[in-house]
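Summary of structural features
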Amino acid sequence: ITAWRQLNAATTPMERARFDVAATTAYVSALVDLRQGKVDPASLDLRWNFTSPGQEAGEEEAGEEKPGKEERGFFEVLQAHDIVRGFREAPPQVPFYSRLRQAMLRLLEIRDSGGWPLITSSAPLRPGIADAAVIQLRQRLATAGYLNRPTDLPEFYDEALLTAVKRYQAEQYLEPDGVVGDITLAALNVPIQVRLDQLRVNMERARWLFKELQGTFVIVDI
């Protein structure tokens, strides 16, 4: 960044040209990363063998691939002086990816606002009990948007809290029984940075897949 600022502040034609080349290279590289991912999946796992329908081994040899097609599209946007459009259109244009991105934005807001509280409980939390840990549970679920901020009986595990806990459990693929035992407690206490890292990994995997998928397809959460 410092080097870029120095080049941007330069006045000689050569330095300005260097800045232009550096900025353009960074712009195109960023859009390529957003479109198809930062990492080649085969470099991480040799068992990665996803092949899009209709893409046979001989197609690439026959020259049906068009190297540089994506990059040319990015340069067209650049020449139109519409950088914002380039960043808007580069990521996969599918609802699944958009939901991941929205989840990432929500978690970043929560992290930057202080994160979510740790729930310290030595016994299961279940409907009908009154315990100080219930306050932490309310705060945790309210922070993530599962529950409104408590207004009365914060230590009492009531019906509204039961509904929020069941919803959280269902979304985490846990038994939605409304009891915060060891497994549910462990999920609730996962640090927010770990959840952010999981989202980043899944967004990267999505970019690997969606650059290959064409037409109608079904996504199965396994």
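A brief report on the enclosed structure follows. (Residues numbered from 1 in each chain as written. Predicted model: local features only at pLDDT ≥ 70, side-chain atom pairs only at ≥ 80, totals over all residues. Heavy atoms only, no water.)

With that settled, consider the overall build of the chain. Along the backbone of the chain there are 11 helices and zero strands. Going from the N terminus to the C terminus, the chain shows its helices and strands as α-α-α-α-α-α-α-α-α-α-α. Contacts in the chain between residues at least 24 apart in sequence constitute 59% of all its contacts with a sequence separation of at least 6. For the chain, the exposed area adds up to about 14900 Å²; of that, 54% sits on carbon and sulfur atoms. (Helix = DSSP H or I, 4+ residues; strand = E, 2+ residues; numbered from the N terminus. Contact = heavy atoms within 4.5 Å. Areas by Shrake-Rupley, 256 points an atom, 1.4 Å probe, with all protein chains shown as cover.)

What follows is about the side chain of Arg 138. Structurally, Arg 138 is set in helix α8 (residues 132-143). Residue Arg 138 is classed as buried on the basis of its relative accessible area of 4%. At 2.6 Å, the side chain of Arg 138 and the backbone oxygen of Phe 156 are in polar contact. A distance of 3.0 Å separates the side chain of Arg 138 from the side chain of Asp 158, its partner in a polar contact. (Buried < 20%, exposed > 50% of the residue type's maximum accessible area, 1.4 Å probe, protein only. Polar contact = N/O pair within 3.5 Å; in protein donor to acceptor, adjacent residues only side chain to side chain.)

Bringing the packing of helix α7 (residues 95-112) against helix α11 (residues 192-210) into the picture now. Relative to each other, α7 and α11 sit at 160 degrees, their axes nearing to 10 Å. In terms of axis orientation, α7 runs roughly antiparallel to α11. Like other packed secondary-structure pairs, α7 and α11 cross with a definite hand, here left-handed. Where α7 approaches α11, its residues Phe 96, Tyr 97, Leu 100, Arg 101, Ala 103, Met 104, Leu 107, Leu 108, Ile 110 and Arg 111 are matched on the opposing element by Ile 192, Gln 193, Arg 195, Leu 196, Leu 199, Arg 200, Asn 202, Met 203, Ala 206, Arg 207 and Phe 210. Among the residues making up the contact of α7 with α11, the classes are represented as 14 nonpolar, two polar and five charged. (Axes fitted to C-alpha atoms, helices over the stretch in contact; angles between N-to-C directions. Parallel < 35°, antiparallel > 145°, perpendicular 65-115°, else oblique. Left-handed = near helix turned anticlockwise from the far one by under 90°. Nonpolar A, V, L, I, M, F, W, Y, C, P; charged D, E, K, R; others polar.)

Now for the environment of Arg 101. For Arg 101, the location among the structural elements is in helix α7. Separated by 99 residues in sequence, Arg 101 and Arg 200 place their C-alpha atoms 9.0 Å apart.

This part takes up unusual backbone geometry. What is expected of a backbone is that most residues other than glycine have negative phi and most peptide bonds are trans. A positive phi angle, close to 60 degrees, is found at His 81, a residue other than glycine. With respect to the helices, strands and loops of the structure, His 81 is situated in the loop between α5 (69-79) and α6 (83-89). The backbone phi angle of Tyr 173 is positive, close to 60 degrees, even though this residue is not glycine. Checked against the element boundaries, Tyr 173 lands in the loop between α9 (159-171) and α10 (182-188).

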